[in-house]
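Single-letter residue listing:
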Amino acid sequence: MSKFKKEELLDMFRKMEDIRNFDNKINQMVRRGLVPGMTHFSVGEEAANVGAVSALGEGDLLTSNHRGHGQSVAMGMSLNEMMAEIMGRANGSCKGKGGSMHIADLDRGNLGANGIVGGGMGIATGAALTQKMKNTGKVVMCCFGDGASNEGAFHECINMAAIWKLPVVFYCINNGYGISTPITSVMNTKHVYERAVAYNIPGLFVEDGNDVLAVRETIDKAMEHVRAGNGPILVEAVTYRWFGHSTSDPGKYRTKEEVDEWKKKDPILKFRNYLVENKITDHETLDKIVAESEQAVEESVKFGMAGEQPAPESAFEDIFAE
Ligand SMILES: Cc1ncc(C[n+]2csc(CCOP(=O)(O)OP(=O)(O)O)c2C)c(N)n1
Ligand SMILES: [Mg+2]
């Protein structure tokens with residue numbers, strides 16, 4: 001039986017559905033020319049996102065990367081404001097000036113997505129230094145991809161966080177590819193988490209990153225370690241993106257068989273079966289949650305469509321902190 005309360009499990013299911021429905025909808029909107037700029041989808045990675053972000057407590061902080069929709073939804077950001085932001089409208093979470101790759105919500109501790117691969121590493125490490133100096137007891141979760149683990153920022157920041165014992169969970173969502181490059185061809189260790197040895201910090205591995213509770217339980221352990229003042233930890237979860245790298249990627253470097261094989265390991269279906277088989281809930285209740293999620297995504301489109309384009313002069317606002 002699960003150690004989590006039913007409401008919490010259903011909330012995790014809802015967030016996973018929200019991620020999928022939200023990104024599927026944006027995919028349609030891109031085709032209709034309603035999304036300026038490039039966008040990256042979290043479909044297929046719902047468990048890796050929700051399992052990790054749901055472990056954050058009040059006041060904890062998050063940094064993400066270019067593929068940040070999933071983490072922002074998991075953090076409880078408003079779908080309306082996210083959709084409007086991605087559409088570049090003034091009623092978006094960053095007033096339409098950030099778009100998909102710069103979604104942020106400081107009130108909720110979301111320090112932002114980032115178009116620079118590995119860019120979140122420095123932000124997370126700096127934010128963790130602040131938590132330590134101010135003795136807040138809060139933890140920073142730094143989400144990044146397998147590709148980012150070959151950036152200099154990865155090594156510099158984990159090294160710095162390790163020597164200063166900063167409260168960061170460095171969390172690698174390993175989807176097997178950095179654009180078209182398989183991680184196995186550019187990394188001389190089998191797993192990203194094994195690199196923790198180099199910094200004398202613990203490394204944890206979630207072999208099935210499509211199992212939301214396996215992710216959650218591992219991240220819970222990681223959070224406990226970090227919150228107790230032991231310094232950073234490196235966690236890796238293995239998952240897969242169902243779509244191309246971005247909207248402009250036809251995905252020629254992966255076979256249909258490979259993609260189909262991963263679709264059989266659908267993280268949402270897996271969680272649905274778990275919830276029903278363990279009699280936590282029934283299909284009817286879950287179907288209702290799916291319908292509510294689809295409805296909320298439709299509403300977010302209406303919200304975005306009703307938004308204005310940002311006024312040109314607003315380009316000069318919100319540049320410096322007061
Ligand atoms: C510093 C930098 N180098 C290269 C790029 C181009 N780029 C964008 S995403 C990406 C791959 C990132 O792969 P990974 O970190 O595994 O994340 P994923 O897209 O798989 O989620 C690259 C090379 C960039 N945005 N920033
Ligand atoms: Mg990757």
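That block above? That's the structure.
Small disclaimer: the values here were computed from a predicted structure and weren't measured.

Chemist: Provide a residue-level description of the overall build of the chain, including the pertinent values.
Modeler: Per the secondary structure count, the chain includes 10 helices and seven strands. Expected size for 322 residues packed as a compact globule is a radius of gyration near 20 Å; at 19 Å, the chain falls within 12% of this value. In terms of overall dimensions, the chain has a C-alpha envelope of 55 × 50 × 40 Å along the principal axes. For the chain, buried positions account for 53% of its 322 residues. Averaged over its 35 positive side-chain charges, the chain has a centre that lies 2 Å from the centre of its 44 negative ones.

Chemist: Can you tell me about helix α1 (residues 6-31), naming the residues and giving the values?
Modeler: For α1, spanning 26 residues, the distance from its first C-alpha to its last is 38 Å, which sits close to the expected 38 Å at 1.5 Å a residue. Trailing α1 by a residue or two, Gly33 shows a phi angle of about 75°, which is positive.

Chemist: Hey, could you go over unusual backbone geometry for me, with residue numbers and the actual values?
Modeler: Not every positive phi belongs to a glycine, and Lys95 is a case in point at roughly 60°. With respect to the helices and strands, the residue Lys95 is situated in the loop between α4 (79-86) and α5 (119-134). Residue classification places Lys95 among the partly exposed positions, given a relative accessible area of 43%. For Lys165, which is not glycine, the phi torsion reads 50° and is therefore positive. Judged by relative accessible area, Lys165 falls into the partly exposed class, the value being 45%.

Chemist: Would you mind going over the site of ligand 1 in detail, with residue names and values included?
Modeler: What surrounds ligand 1 is a group of 15 residues, the closest being His66, Arg67, Gly115, Gly147 and Tyr177. Tyr177 is positioned with one of its backbone polar atoms (N or O) 2.8 Å from an oxygen atom of ligand 1. When its residues are assigned to classes, the shell around ligand 1 shows five nonpolar, seven polar and three charged.

Chemist: Would you mind going over the sheet that holds strand β6 (residues 203-206) in detail, with residue names and values included?
Modeler: Reading across the sheet, the five strands line up as β1-β2-β3-β7-β6 and stay open at both edges, with parallel pairing between neighbours. Lying at the two open borders of the sheet, with one neighbouring strand each, are β1 (61-63) and β6. Here the average twist between neighbouring strands, direction ignored, is 20°. Relative to strand β2 (residues 140-145), β1 is paired through three bridges, and the arrangement is parallel. Across the sheet, the residue bridging to Leu61 is Val140, located in β2.

Chemist: Tell me about the packing of aromatic side chains, and name the residues and values.
Modeler: Across all of its chains, the model carries nine aromatic pairs by this definition. Judged by centre distance (5.5 Å) and plane angle (50°), the ring pair of Tyr177 and Tyr253 falls under tilted. Of this pair, Tyr177 sits in strand β4 (residues 177-178) while Tyr253 sits in the loop between β7 (233-238) and α8 (256-263), and the two are 76 residues apart along the sequence. An angle of 15° between the planes, with centres 4.9 Å apart, marks the rings of Tyr193 and Phe205 as stacked. Of the two residues, Tyr193 sits in the loop between β5 (181-182) and β6 while Phe205 sits in strand β6, which places them 12 residues apart along the sequence. We classify Tyr193 as partly exposed; its relative accessible area is 22%. Residue class for Phe205 comes out partly exposed when judged on its relative accessible area of 26%. Each member of the aromatic cluster is reached from another via a ring pair, and the members are Tyr177, Tyr240, Tyr253 and Trp262.

Chemist: Pulling in residues and values, what's your account of helix α2 (residues 46-53)?
Modeler: Side chains three or four residues apart in an α-helix point the same way, a direct result of the helix having 3.6 residues per turn. When you tally the buried positions in α2, you get eight out of eight residues, the bulk of the element. Burial in α2 covers these residues: Glu46, Ala47, Ala48, Asn49, Val50, Gly51, Ala52 and Val53.

Chemist: Before we move on, could you go through the environment of Gly203 and cite the residues and values that matter?
Modeler: Positionally, Gly203 belongs in strand β6. Counting along the chain gives 11 residues from Gly203 to Val192, while the straight-line C-alpha distance between them is 8.8 Å.

Chemist: Go over the pairing of β6 with me, naming the residues and quoting the values.
Modeler: Two elements, β6 and β7, share four bridges in a ladder whose sense is parallel. By the bridge assignment for β7, Leu204 is matched with Val235.

Chemist: Give me the lowdown on the pattern of salt bridges, citing residues and values where you can.
Modeler: By the definition in use, this model includes 19 salt bridges. Notably, a salt bridge pairs Arg20 with Asp266, separated by 3.0 Å at the nearest N-O pair. Of this pair, Arg20 sits in helix α1 while Asp266 sits in the loop between α8 and α9 (267-277), placing them 246 residues apart in sequence. The same class applies to Arg20 as to Asp266, namely buried. Here Asp60 and Arg227 are joined by a salt bridge, their closest N and O atoms 2.7 Å apart. Highlighted residues: Asp60 in the loop between α2 and β1 and Arg227 in helix α7 (residues 212-230), separated in sequence by 167 residues. Members of the salt-bridge network, linked through shared partners, are Lys3, Glu8, Arg216 and Asp220.

Chemist: Tell me what's going on with the nonpolar core, and back it up with residues and numbers.
Modeler: Counting residues in hydrophobic clusters, the biggest one holds 58 residues, and the most contacted among them are Met141, Val169, Tyr171, Ile219 and Phe271. Looking at which element gives the most residues to this core, the answer is α1, with nine residues. Cys142, Phe144, Ala162 and Tyr199 belong to the second-largest nonpolar core, a separate cluster that totals 25 residues.

Conventions used here
- Residues numbered from 1 in each chain as written.
- Chains lettered and ligands numbered in written order.
- Predicted model: local features only at pLDDT ≥ 70, side-chain atom pairs only at ≥ 80, totals over all residues.
- Heavy atoms only, no water.
- Helix = DSSP H or I, 4+ residues; strand = E, 2+ residues; numbered from the N terminus.
- Rg over C-alpha atoms; globule rule 2.2 N^0.38 Å.
- Buried < 20%, exposed > 50% of the residue type's maximum accessible area, 1.4 Å probe, protein only.
- Lys, Arg positive; Asp, Glu negative; His and termini not counted.
- Charge placed at Lys NZ, Arg CZ, Asp CG, Glu CD.
- Expected span 1.5 Å × (residues − 1).
- Near = heavy atom within 4 Å.
- Polar contact = N/O pair within 3.5 Å; in protein donor to acceptor, adjacent residues only side chain to side chain.
- Nonpolar A, V, L, I, M, F, W, Y, C, P; charged D, E, K, R; others polar.
- Pairing = 2+ DSSP bridges.
- Axes fitted to C-alpha atoms, helices over the stretch in contact; angles between N-to-C directions.
- Phe/Tyr/Trp six-rings, centres within 6.5 Å; stacked < 30°, edge-to-face > 60°.
- Salt bridge = Lys/Arg side-chain N within 4 Å of Asp/Glu carboxyl O.
- Core = buried A, V, L, I, M, F, W, Y, C linked by side-chain atoms within 4.5 Å.

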